[in-house]
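Structural overview
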Amino acid sequence: PRHGHRPQEEEAAVERVLLWEKSWRPCPKARRRLQGCLAFVRRQLLRVGEDWYFLCALGVLMAMISFMTDLLVFRLFEAHRWLYQEIGDYPVLKYLSWTMYPVALAAFSTGFSQSITPHSAGSGVPELQTILTGVMLEDYLSIKNFGAKVVGLTCTLACGSTVFLGKVVSGAVMASHFAVRDYWRGFFAATCGAFMFRLLAVFNSEQETIMALFRTDLKLDFPFDLHETFFFLALGIVCGVVACAYLFCQRWLLGYVRENRFTARLLATDKPVYTVLVVLLLASITFPPSLGQFMASQLTMKEYLVSLFDNRTWGELARGAPPGGPGHLWHAWCHPSVSFFGTLAFFLLMKFWMLILATTLPLPAGYFMPIFVYGAALGRLAGETVAALFPEGITPGRPVVPGGYALAGAAAFSGAVTHSVSTALLACEATGHLAWALPITAAVLAANAVAQKWQPSFYAGTIIVKRLPYLPPIRSRHMASYRVRVEEFMSRQVLSLAKAAAFSEVLAALTAAPGATDFPVVESAESPTLVGTVSRAELVAFLQSHSDTGEKPAGTVGDDCAVEPVMLQLSPWTSLHQTHHLFELLKLQQLFVTRGGELVGTVTRAEVRQ
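A quick note: this is a predicted structure, and the numbers were derived from the prediction, not measured. (Residues numbered from 1 in each chain as written. Predicted model: local features only at pLDDT ≥ 70, side-chain atom pairs only at ≥ 80, totals over all residues. Heavy atoms only, no water.)

1. Details of the overall build of the chain
Spelled out, the test is: The way it works is that DSSP assigns letters per residue, a run of H or I at least four long becomes a helix, a run of E at least two long becomes a strand, and they are numbered from the N terminus. Only protein chains enter the accessibility calculation, which uses a 1.4 Å probe; a residue is then buried when its area is under 20% of its type maximum, exposed when over 50%, and partly exposed in between. Contacts: residue pairs with any heavy atoms within 4.5 Å of one another. Methods summary: accessible areas were calculated by the Shrake-Rupley approach with a probe of 1.4 Å, and residue burial reflects only the protein chains presented.
Within the chain, the secondary structure is distributed over 23 helices and five strands. Residues classed as buried in the chain amount to 46% of the 610 residues present. The contacts of the chain with a sequence gap of at least 6 include a subset with a gap of at least 24, amounting to 74%. Accessible surface for the chain amounts to roughly 30900 Å². Of this, 64% is attributable to carbon and sulfur atoms.

Quick look at the structure:
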């Protein structure tokens, strides 16, 4: 080539860099128009006033969608129940009507949601926890994912207790650090949504006025004996132990189905087929004339809770209460050849592994309500046992209320599985019984003390299996962990640019690090004092400004690019705990390490996580 002109290899490299940059941003004219329209809408919305209006609208909109989902699910479930009852005494037809209905709905839920977006499966809480730590998952919060989840979740819920999955997910383990300003905004939106949701139930003639979601008749004059606190603590410990077993088995099975050759191939290419096989197995087991008669399989999720929270003692009802009637859902737990102790125990044994298997299904679902119901059954069994041991009450004249134990068990087990203590408040609010707050809180604390000691939470375990880029907490509190310094795990290979870097150096840096968004700028290669950072967009614009001429440009990074100062830096002697807190609180992706102002290394989330 002639003197002063760039060689052909360098021009090809420039074209590759610019093409790579544009390949991620197709249709530039359409994108600019869309950005202009969005900016115009944003300006118009800001003229309305504070964002409280939009938070209220968000809560009301979510309440309306949730209520319509419940209404549609109720119609679909009633259609299934009608079909099963009207088909007559034909065992084969009854079996087909019981199994094929949920199989078809679950298969459609999987196929439809997965065809829209692969992110629609599961509850979404592990992914949202990852997003809240500062890692943005591509297209996860898109409107198409929301639509796929709504449609898929409706079909999943219509399967009923056959699949034993729910709608509700617990947001109490969602973020360990948050701004108080954002907390009150979320609380305001949730309050508007909850009020609207309960108001719609009144408008639909489901209730006469706004009341608790699962209203019970637990006695309030003397809710529990003080001596029963010991039994509530014991119940909490049992719930914690069972939760540890559940979390371990669920995490193992979730990893196994991803590694097994047969199931991994189905989940990779034929997800609806995997769903059909699993749901067919679950539906066959819950078939009422078969094993389903020993686990009250014909009840819905809400009917499960209403029957388990019953303030009456089933032992006394079984001896003298007439059958039938809407207030006699407890009859579903009775069997001519097995007592309700046997049906409760069989329910707990079977639903333990059935629920674990259901969590592997690639369809939209909530996992909080099933474990809430499971904990309620565990608490009901404990309460009925205490009532049988003390028929007159621990203090004579003050009988034991098994429904209170069911309420405590539901809060304790769900709290242990999700590593949350706010389930105690949730249980009291959902039933409207704050008088039971003390024993429920004691059970929840005991269960959490056991579960948090031995197992990660349900959502943290899912994050581990899915290998999401989540920053885990530092579990070790040993003194040696506080002596780990940044210099022991930082990356010393730092790609930096000098202030005097010209066209060729910028091109080499962009080519060497195609995924980097910011580059550190130093004074010079001989004196690597950190000056600031320059964005990738600035460097690409620097190349573009000189790519139209054949002459080699004389500009430099320091003269032609906007160098942003670095406000936060790490020292090689900063501890791991301090670094972890900074990344967690500020949602950081990278920090530079300096010694005496000179750049010596960098720490990313990958190094901290490792």
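2. Focus: a nonpolar patch on the surface
Heads up, the condition is: Patch rule: a residue counts if its relative accessible area is over 30% and it has no salt bridge; like charges are joined within 9 Å, and nonpolar side chains (Val, Leu, Ile, Met, Phe, Trp, Tyr) within 5 Å. A side-chain nitrogen of Lys or Arg and a carboxyl oxygen of Asp or Glu constitute a salt bridge if their distance falls within 4 Å.
A cluster of nonpolar side chains, contributed by Leu-58, Leu-61, Met-62, Ile-143 and Phe-146, occupies part of the molecular surface with about 480 Å² of accessible area. Every element with two or more residues in the nonpolar patch is listed here: helix 3 (52-86) and helix 6 (143-158). Ranked by the residues each element gives to the nonpolar patch, the list is headed by helix 3, at three residues. With respect to the secondary-structure elements, Ile-143 resides in helix 6.

3. Focus on helix 3
Quick reminder of the rule: Helix span, as expected, comes to 1.5 Å for every residue beyond the first.
The terminal C-alpha atoms of helix 3, which comprises 35 residues, lie 51 Å apart, in line with the 51 Å expected from a rise of 1.5 Å per residue. For helix 3, the full list of buried residues reads Leu-55, Gly-59, Ala-63, Phe-67, Thr-69, Val-73, Phe-77, His-80 and Tyr-84. Those residues of helix 3 hidden inside the fold are in contact with helix 4 (91-116), helix 6 and helix 7 (180-203). Within two residues after helix 3, Gly-88 carries a phi angle of roughly 90°, on the positive side.

4. Section: the pattern of salt bridges
Overall, the coordinates contain five salt bridges when judged by the stated rule. Here Lys-466 makes a salt bridge to Glu-127, at a shortest N to O gap of 2.9 Å. Highlighted residues: Lys-466 in helix 18 (residues 458-466) and Glu-127 in helix 5 (residues 125-132), separated in sequence by 339 residues. Glu-127 gets classed as buried once you look at its relative accessible area, which sits at 8%.

5. Looking at the packing of aromatic side chains
Quick reminder of the rule: Here the aromatic set is Phe, Tyr and Trp, taking the six-membered ring for Trp, and pairing holds for ring centres within 6.5 Å; pairs whose planes are under 30 degrees apart are stacked, those over 60 apart are edge-to-face, and all others are tilted. Charges are assigned to positions over rings by a cutoff of 6 Å between ring centre and Lys NZ or Arg CZ, combined with an angular limit of 35 degrees from the ring normal.
One pass over the full model with this rule turns up 26 aromatic pairs. Arranged with centres 6.2 Å apart and planes meeting at 85°, the rings of Phe-164 and Tyr-304 form a pair that is edge-to-face. Separated by 140 residues along the polypeptide, Phe-164 in the loop between helix 6 and helix 7 and Tyr-304 in helix 11 (residues 301-308) bring together distant segments of the chain. Assigned by exposure class, Phe-164 and Tyr-304 land together as buried. A network of ring pairs unites the aromatic residues Tyr-246, Phe-352, Tyr-367, Tyr-374, Phe-413, Phe-458 and Tyr-459 as a single cluster. In this structure, Lys-453 packs its charged tip against the face of Trp-454, placed 5.9 Å from the ring centre.

6. Observations concerning the nonpolar core
Here is the rule we go by: Here the nonpolar core consists of buried residues drawn from Ala, Val, Leu, Ile, Met, Phe, Trp, Tyr and Cys, with membership extended through side-chain atoms lying within 4.5 Å.
Counting residues in each nonpolar core, the largest one holds 92 residues, and the members touching the most others are Leu-165, Tyr-246, Trp-333, Phe-347, Val-373, Phe-413 and Ile-440. Looking at this core element by element, the count peaks at 12 residues for helix 14 (residues 368-389). Residue contacts for Phe-347: discarding those within four places in its chain leaves Phe-164, Phe-294, Met-295, Tyr-304, Trp-333, Val-373 and Ala-377. Grouped together as the second largest cluster of nonpolar side chains are 17 residues, Leu-497, Ala-509, Ala-513 and Leu-543 included.

7. Let's talk about the UniProt feature "transmembrane region" (unreviewed entry) in the chain
Rule in force here: UniProt positions are given in the numbering used here, feature names are shortened, and annotations may be inferred rather than shown by experiment.
Here, UniProt's "transmembrane region" (unreviewed entry) annotation points to residues 52-74, 146-165, 186-203, 230-253, 273-291 and 365-383. Across residues 146-165, the secondary structure splits into 65% helix and 0% strand, with the terminal C-alpha atoms separated by 19 Å. For the annotated span residues 365-383, helix accounts for 84% and strand for 0% of the residues, and the straight-line distance between the end C-alpha atoms is 30 Å.

8. Describing unusual backbone geometry
Positive phi outside glycine occurs at Phe-164, with the angle close to 60°. Even without being a glycine, Arg-467 presents a positive backbone phi close to 60°. Residue placement: Arg-467 occurs in the loop between helix 18 and strand 1 (497-498).

9. As for helix 19 (residues 503-512)
Defined as follows: The arc in question is formed by the directions pointing from the helix axis toward the C-beta atoms.
Among the residues of helix 19, those classed as buried are Phe-503, Val-506, Leu-507, Ala-509 and Leu-510. Around the axis of helix 19, the buried residues are gathered within 165° of arc, so they sit on the same side.

10. Overview of the side chain of Ser-120
Our working definition: The term polar contact refers here to a pair of N or O atoms within 3.5 Å; inside protein, the definition further demands a hydrogen-donor-capable atom paired with an acceptor-capable atom, and it admits residues adjacent in sequence only when both atoms are side-chain atoms.
One can find Ser-120 in the loop between helix 4 and helix 5. At 3.1 Å, the side chain of Ser-120 forms a polar contact with the backbone oxygen of Ser-113.

11. Concerning the packing of helix 8 (residues 229-259) against helix 9 (residues 261-269)
The following threshold applies: Here the axes come from fitting lines to C-alpha atoms, over the contacting stretch only for helices, and the angles between their N-to-C directions go from 0 to 180 degrees. Throughout this description, any angle smaller than 35 degrees is read as roughly parallel, any larger than 145 degrees as roughly antiparallel, any in the 65 to 115 degree range as roughly perpendicular, and the remainder as oblique. Gly is put with the polar residues, along with every residue not named as nonpolar or charged; the nonpolar set is Ala, Val, Leu, Ile, Met, Phe, Trp, Tyr, Cys and Pro, and the charged set is Asp, Glu, Lys and Arg.
Running from N to C, helix 8 and helix 9 cross one another at 80°; their axes reach a closest spacing of 5 Å. Classified by the angle between their axes, helix 8 and helix 9 sit roughly perpendicular to one another. For the pair helix 8 and helix 9, the contacting residues are Tyr-256, Val-257, Arg-258 and Glu-259 in the first and Arg-261, Thr-263, Ala-264 and Leu-267 in the second. Taken together, the residues that form the contact of helix 8 with helix 9 break down as four nonpolar, one polar and three charged.

12. Topic: the confidence of the model for the chain
What counts here: A residue's pLDDT is simply how confident the predictor is in it, with values from 0 to 100.
Scored by pLDDT, the chain has a mean of 82; 86% of the residues are at 70 or more. Low confidence marks residues 322-326, where pLDDT is under 50. Its contacts with residues over four positions away, or in another chain, come to four contacts.

13. Side note on the environment of Leu-468
Considering the arrangement of structural elements, one finds Leu-468 in the loop between helix 18 and strand 1. The exposure class of Leu-468 is buried, given its relative accessible area of 16%. Residues Leu-468 and Val-135, spaced 333 residues apart in sequence, show a C-alpha to C-alpha distance of 9.5 Å.

14. Describing the packing of helix 15 (residues 402-418) against helix 17 (residues 437-454)
Between two packed helices, both the angle of their axes relative to each other and the distance between the axes serve to describe the pair. Basically, it comes down to this: In this scheme the handedness of a crossing depends on how the near helix is turned from the far one: anticlockwise by less than a right angle means left-handed, clockwise means right-handed.
Between helix 15 and helix 17, whose axes approach to 8 Å, the crossing angle comes to 30°. Relative to helix 17, the element helix 15 is oriented roughly parallel. Judged by the twist between their axes, the crossing of helix 15 over helix 17 is right-handed. Residues Leu-407, Ala-408, Ala-411, Ala-412, Gly-415 and Ala-416 of helix 15 form the contact with helix 17, whose participating residues are Ile-440, Ala-443, Val-444, Ala-447, Asn-448 and Ala-451.

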